[in-house]
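Fold and geometry: a report
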Amino acid sequence: MGTLSRINFWRRLLRSQAHVRYITDAKKVQLRTGPSLQDFLQPNSAPNPAQQEIYVASRNETIPYVSPETLSGRRRKVFFEVYGCQMNTNDTEIVWSILKSHDYQRTVNIKEADVVLMVTCAIREGAEDTVWNRLKHLRLMKRNREADDTEKPLQIGVLGCMAERLKQQLVEKEHSVDVVAGPDAYKDLPRLLTIGQRGQKAINVLLSLDETYADVVPVKLDRKSKTAYVSIMRGCDNMCTYCIVPFTRGKERSRPISSIRDEVLKLEDAGIREITLLGQNVNSYRDTSTTGLSEATSGPKEASLLAPGFRTVYKTKIGGLRFGELLAELAECVPEMRIRFTSPHPKDFPRDVLETIARYPNVCNSLHLPAQSGNSSVLERMRRGYSREAYLSLVSEVRSVIPSVTLSSDFICGFCGETEAEFAETISLIETVGYHAAFLFAYSMREKTTAHRRYVDDVPEHIKQERLRRMIVAFRKEAYRLNEDFVGRTELILVEGYSKRSRADLAGRNDGNVKVVIPAGPIRSSQSAPRDDLKPIGVGDYVAVRIHTANSQILKGDPLYHTTIHEFYSSG
């Protein structure tokens, strides 16, 4: 019987019978399900939109064959929406590099897009709510496209941490989503998008033990910017009880120094003047690649890496080149490029890292020291690995090695069981240390975390919000006091662009990562140049600025002359 005859046979049978029964020896056997019409169609036929299948990538499953030519984007236009941290911005540049190499184009106009990719964050409930609400708008846009035969179809993908956390729920709850890809599956996106074009949902959220995208050169989204992010590691092993990151980004693994150096040199050639090294815990970086091993960095000395009062839940890593050596390597490779990094963990600040920062003028004297709480009991419940006293001891050592350091931090209020007395110690820590910048949040319980399994989210929401307001007031008061200390000083500013409030002003940041606003216009071409030897200020220029005004958020000053990192610090 030919294929068409079989199809006609089953059509007639299914119209006349809901099911088939066989009777044997007084036992009734019912065939509850049977082959459908789809079983007899060619494998490459499009599925019924009402019965779309979901392809989920599995480690133990053969990857469905997709011919190489169909991986091409065929100049389809991609629109990116990026949510969350700097790591997501860098991930988007990695994704864009991969798709660009497969003949996709990028658009900044969503109405022109063939594909909308949302790079998401899952660290707080509010971040996920934003994405869910946005998906409702995209669903309407997609339906409008489908209703108009003259319009090209729209494909929607959810990438990143929210994709990893919610997986299949995304396509089951929000039917407009075609592709879901976790942080370690970006190289598979061309294949997933191809599968999605055929009407099938495609999911790959497999976490990797070794994927660092070291072989992918990110393509910057903002080509005018003179700053860039460089990912040096992925994943996290710390397992803080409140944090979802180890479950969405997997185990910690580091890129080889050689690949990081090569990327930074390419950025320098492209005119980048400042980089920020990225990772979930950058200062636990270890290059244990074949070319990166060093006997001098392994052995008995490993046991002393954690300062007194700090501990970790995972086994101490042995061997390899560490973060201080990476900083020194990059500082010497690109002496006229500023180097920042985020986010470190307070437990991983051996003195050699601080001394490296102090030694090189292009390694910025601004440190992020995420405290999360000022109370030792809360820190214990959070599994942070240090007490209030150990944290204060670290701050004291940092300021002794780097006297001009500016500090930033993260704080969470309303964590499980937090009492008023415990929260008061967070306020006192903010006032005692003093931070130029801070990221302040009310606690948001996340599924899968240890806190979700072990504790109760028992601080009422209105109490959390009231405590958040008090943290903001305390932080701004201290930030204003600290920023006033800059008044009268001459600071080195990297100009980033026009001020948001006026095209008559330019904005940049000083070494301490504090925003500085200056009037636009020509200034002396160098410190020693005559007063009439003037040169306009442009994006990416280093400028010496005399600060005259400060508030809790920005500084204002008068630009004096063009300079370089070497000239500014050697003359001072």
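The numbering scheme is per chain: residues are counted from 1 as the chain's sequence reads. Local features in a predicted model are, by the rule used here, given only for residues with pLDDT of at least 70; side-chain atom pairs are given and counted only at 80 or more, and totals for whole chains, interfaces and linings are based on all residues. Side-chain metrics in this entry use all non-hydrogen atoms of the structure; hydrogen atoms and water are not considered.

1. Details of the nonpolar core
Soluble globular proteins tend to bury their nonpolar side chains together. Ranked by internal contacts, the top residues of the largest apolar core, which has 61 residues, are L277, F323 and L367. Whether two residues touch is decided by their heavy atoms; if any such pair falls within 4.5 Å, the residues are in contact. Once residues lying within four places of it in the same chain are set aside, the contact partners of F323 are I232, L277, V282, N283, Y285, F341 and V353. The nonpolar core is taken to be a set of buried Ala, Val, Leu, Ile, Met, Phe, Trp, Tyr and Cys residues, with the residues joined through side-chain atoms within 4.5 Å. Per-residue accessibility, obtained with a 1.4 Å probe over protein chains only, is compared with the maximum for each type, and a residue is labelled buried under 20%, exposed over 50%, and partly exposed between these values. In this structure, I98, A185, Y186 and Y213 belong to the second largest nonpolar core, which totals 26 residues.

2. A short note on the side chain of N283
Counting from the N terminus, the helices are the DSSP runs of H or I reaching at least four residues and the strands are the DSSP runs of E reaching at least two. Turning to its location among the elements, N283 is positioned in the loop between strand 13 (274–278) and strand 14 (286–287). On the basis of relative accessible area, N283 is assigned to the buried category, the value being 6%. The definition of a polar contact used here is a pair of N or O atoms within 3.5 Å, where within protein one atom must be able to donate a hydrogen and the other to accept one, and adjacent residues in sequence count solely through side-chain atom pairs. From its side chain, N283 meets the backbone nitrogen of H345 in a polar contact 3.2 Å long. Side-chain polar atoms of N283 contact the backbone oxygen of D348, separated by 2.7 Å. Other than its neighbours up to four places away in sequence, N283 contacts F323, P344, H345, D348 and F349.

3. Here's the deal with the side chain of R384
By secondary structure assignment, the location of R384 is in the loop between helix 11 (376–382) and helix 12 (388–401). Positive charges are assigned to Lys and Arg, negative charges to Asp and Glu, while His and the chain termini are left out of the count. Salt bridges are counted wherever a side-chain nitrogen of Lys or Arg sits within 4 Å of a carboxyl oxygen of Asp or Glu. No salt bridge is formed by the buried R384, whose closest oppositely charged neighbour, D410, lies at an N-O distance of 6.8 Å. In this structure the side chain of R384 is engaged in a polar contact, spanning 3.0 Å, whose partner is the side chain of Y386. Not counting residues within four places of it along the chain, the set of residues in contact with R384 comprises C240, Y242, H345, P346, P370, A371, Q372 and L379.

4. Points about the sheet that holds strand 4 (residues 77–82)
The rule for pairing is simple: two strands pair if DSSP sees at least two bridges between them. Strand order across the open sheet formed by 7 strands is 3-9-8-7-6-4-5, with parallel pairing between neighbours. Unpaired on one side and paired on the other, strand 3 (54–56) and strand 5 (105–106) mark the two borders of the sheet. The sheet contact formed by strand 3 and strand 9 (residues 201–204) spans 3 bridges and is parallel. Looking at the pairing, I54 lines up with K201 of strand 9. Each axis is a line fitted through C-alpha atoms, taken for helices only over the stretch in contact, and angles between the N-to-C directions span 0 to 180 degrees. Along the sheet, helix 2 (residues 86–100) makes contact with strand 4, strand 5, strand 6 (115–120) and strand 7 (155–160), crossing strand 4 at roughly 170°. Across the sheet, helix 6 (residues 189–197) is in contact with strand 3, strand 6, strand 7, strand 8 (179–181) and strand 9; its angle to strand 8 comes to roughly 160°.

5. Quick notes on the packing of aromatic side chains
In this analysis, rings of Phe, Tyr and Trp, with Trp reduced to its six-membered ring, are considered paired at centre separations within 6.5 Å, and the interplanar angle assigns stacked below 30 degrees, edge-to-face beyond 60, and tilted for intermediate values. The final tally for this structure, using the stated rule, is 10 aromatic pairs. Where F411 meets Y435, the ring centres are 5.6 Å apart and the plane angle is 70°; that geometry is what we call edge-to-face. With F411 in strand 18 (residues 406–413) and Y435 in the loop between helix 13 (420–433) and strand 19 (437–442), this residue pair connects regions lying 24 residues apart in the sequence. We classify F411 as buried; its relative accessible area is 0%. A relative accessible area of 1% places Y435 in the buried class. Each residue in the set Y242, F415, Y443 and Y455 is aromatic and connected to the rest through ring pairs, giving one cluster. Any Lys NZ or Arg CZ found within 6 Å of a ring centre and within 35 degrees of that ring's normal is scored as a charge over the ring. The ring centre of F441 lies 3.7 Å from the NZ or CZ of R124, which sits over that ring.

6. Some words on the pairing of strand 25 (residues 542–550)
Of the strand pairs in this sheet, strand 20 (residues 490–498) and strand 25 are connected by 5 bridges, and their pairing is antiparallel. Bridge assignment links T490 to a residue of strand 25, and that residue is R546. Across 7 bridges, strand 25 lies against strand 26 (residues 554–562) in antiparallel orientation. What sits directly across from V545, in strand 26, is P559. Taken together, strand 25 and the strand that follows it, strand 26, pair antiparallel across an intervening segment of 3 residues.

7. Some thoughts on the sheet that holds strand 16 (residues 338–342)
Two pairing modes exist for strands in a sheet, parallel and antiparallel, and in both the strands are linked by backbone hydrogen bonds. Taken in spatial order, the 3 strands of this open sheet run 10-13-16, and their pairing is parallel. Only two strands of the sheet have a single partner each, and these edge strands are strand 10 (227–231) and strand 16. Along the sheet, successive strands turn relative to each other by an average axial angle of 25°, direction set aside. Looking at chain direction, strand 13 and strand 16 are connected through 5 bridges and run parallel. Bridge assignment links E274 to a residue of strand 16, and that residue is R338. Contacting strand 10, strand 13 and strand 16, helix 2 crosses the sheet at an angle of about 90° to strand 10. Of the strands in this sheet, strand 10 and strand 13 are in contact with helix 8 (residues 257–269), which crosses strand 10 at around 170°.

8. Some thoughts on the confidence of the model for the chain
Close inspection of predicted coordinates is inappropriate in any region flagged by low pLDDT. One confidence number per residue, pLDDT, is output by the predictor and ranges from 0 to 100. Summing up the model confidence of the chain, the mean pLDDT is 87 and the portion of residues at 70 or higher is 86%. This stretch, residues 3–51, has a pLDDT under 50; its non-local contacts, to residues over four places away or in other chains, come to 25 contacts. Taken together, the stretch residues 291–304 has pLDDT below 50 and engages in 23 contacts with residues farther than four places along the chain or on a different chain.

9. Brief notes about the pattern of salt bridges
As enumerated under the stated definition, the model contains 32 salt bridges in all. Among the salt bridges present, the one from D184 reaches R253, with a minimum N-O distance of 2.6 Å. A residue pair is termed long-range when its members are at least 10 positions apart, and D184 in the loop between strand 8 and helix 6 and R253 in strand 12 (residues 253–254) qualify at 69 residues. As far as burial versus exposure is concerned, D184 and R253 are alike and both buried. Two residues, E425 and R388, come together in a salt bridge whose shortest N-O distance is 3.7 Å. Of this pair, E425 sits in helix 13 while R388 is found in helix 12, placing the two residues 37 residues apart along the sequence.

10. Some points on the packing of helix 13 against helix 15 (residues 461–484)
Two elements in contact, helix 13 and helix 15, have axes separated by 9 Å at closest approach and are oriented at 20°. What the angle tells us is that helix 13 and helix 15 run roughly parallel. Pair helix 13 / helix 15 crosses with right-handed handedness. On helix 15, the residues touching E420, F423, T426, I427, I430 and E431 of helix 13 are R467, R470, M471, A474, F475 and E478. Each residue is assigned to one class: nonpolar for Ala, Val, Leu, Ile, Met, Phe, Trp, Tyr, Cys and Pro, charged for Asp, Glu, Lys and Arg, and polar for all the others, Gly among them. Counted by class, the contact of helix 13 with helix 15 contains 6 nonpolar, 1 polar and 5 charged residues. In this scheme, roughly parallel covers angles under 35 degrees and roughly antiparallel covers those over 145, while 65 to 115 is roughly perpendicular and the rest are oblique. Handedness of a crossing follows from how the near helix is turned relative to the far one, being left-handed for an anticlockwise turn of less than a right angle and right-handed for a clockwise one.

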